[in-house]
Amino acid sequence: MDVVSFFIYSFVSIFVIVSPIGVVVTFISLTSSMTQEEKNSIATRATLLACAICIFFALTGHSILNVFGISVDSLRVAGGILLFKVAFDMLLSKVSGESVTEEEIHESLSRDDVWIFPIALPLMTGPATITTVVVLSGTSPLISHKLVVLLAILLTFGICFVTLYYSRRLYKLIGYTGAHVITRLLGLFLAALAVDFVTHGVWNIYSNLAGFT
């Protein structure tokens, strides 16, 4: 896969799993009683933290897998199953249980660090996001491809920051129904990505095993 195609694949993969529109809905409910300055501060800090976490795992994920003796293809299969669960929740327009529960969101309303939990982690960088980043960065040994993954991460969270910064205006523009329609569409793309992860992972594992027989 050439660099441009890999960038498009990486960006779409990360963007769909992060789902900025889905984050906006929860962000608005958590910051409804705050001033505009406080909301902007939370949006900035949450985005920076989430982006930093993704970059960390993009750079170190493959080494972590080597320490535990886990192949990228094994993670690709496991991640694909996890992504399909998240995609199914998105198709039902629900907050994914793999990231945060409705009860946890309700409890967060009385906390001062909502920018850490649940906005940055795990809404923006849940297990599925981290898995996707690790798989993408470990797909190719080429430095150019790894840099492309980092660029895709930066672009995704740049869009996240803009959507959170202008969350009120955006929500007024697309409305409740529009937000759920977009979430369902992203869920459909994510389901397709999950199938791609699983099929590629299973095929590579089979090919490696067949090569030893």
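Look up: the structure comes first, before these words.
As the structure is a computational prediction, the values presented were derived from the model and not from experiment.

So, how was this worked out
- Residues numbered from 1 in each chain as written.
- Predicted model: local features only at pLDDT ≥ 70, side-chain atom pairs only at ≥ 80, totals over all residues.
- Heavy atoms only, no water.
- Helix = DSSP H or I, 4+ residues; strand = E, 2+ residues; numbered from the N terminus.
- Buried < 20%, exposed > 50% of the residue type's maximum accessible area, 1.4 Å probe, protein only.
- Contact = heavy atoms within 4.5 Å.
- Phe/Tyr/Trp six-rings, centres within 6.5 Å; stacked < 30°, edge-to-face > 60°.

## Digging into the side chain of R76
Then comes step 1: Residue placement: R76 occurs in helix 4 (residues 72-91).
Then comes step 2: Judged by its relative accessible area of 8%, R76 is buried.
Then comes step 3: Non-local contacts of R76, meaning those with residues more than four positions away in its chain, are made with V135, T139, F197, V198, H200, G201 and N204.

## Re the packing of aromatic side chains
Then comes step 1: Scanning the entire structure with this criterion turns up six aromatic pairs.
Then comes step 2: Ring geometry for F11 versus F15: centroids 5.6 Å apart, planes at 35°, classification tilted. Taken together, the positions of F11 and F15, both in helix 1 (residues 3-18) and four residues apart, correspond to about one turn of that helix.
Then comes step 3: Classification of F15 as partly exposed rests on a relative accessible area of 22%.
Then comes step 4: These aromatic residues form a ring-pair network of at least three members: F7, F11 and F15.

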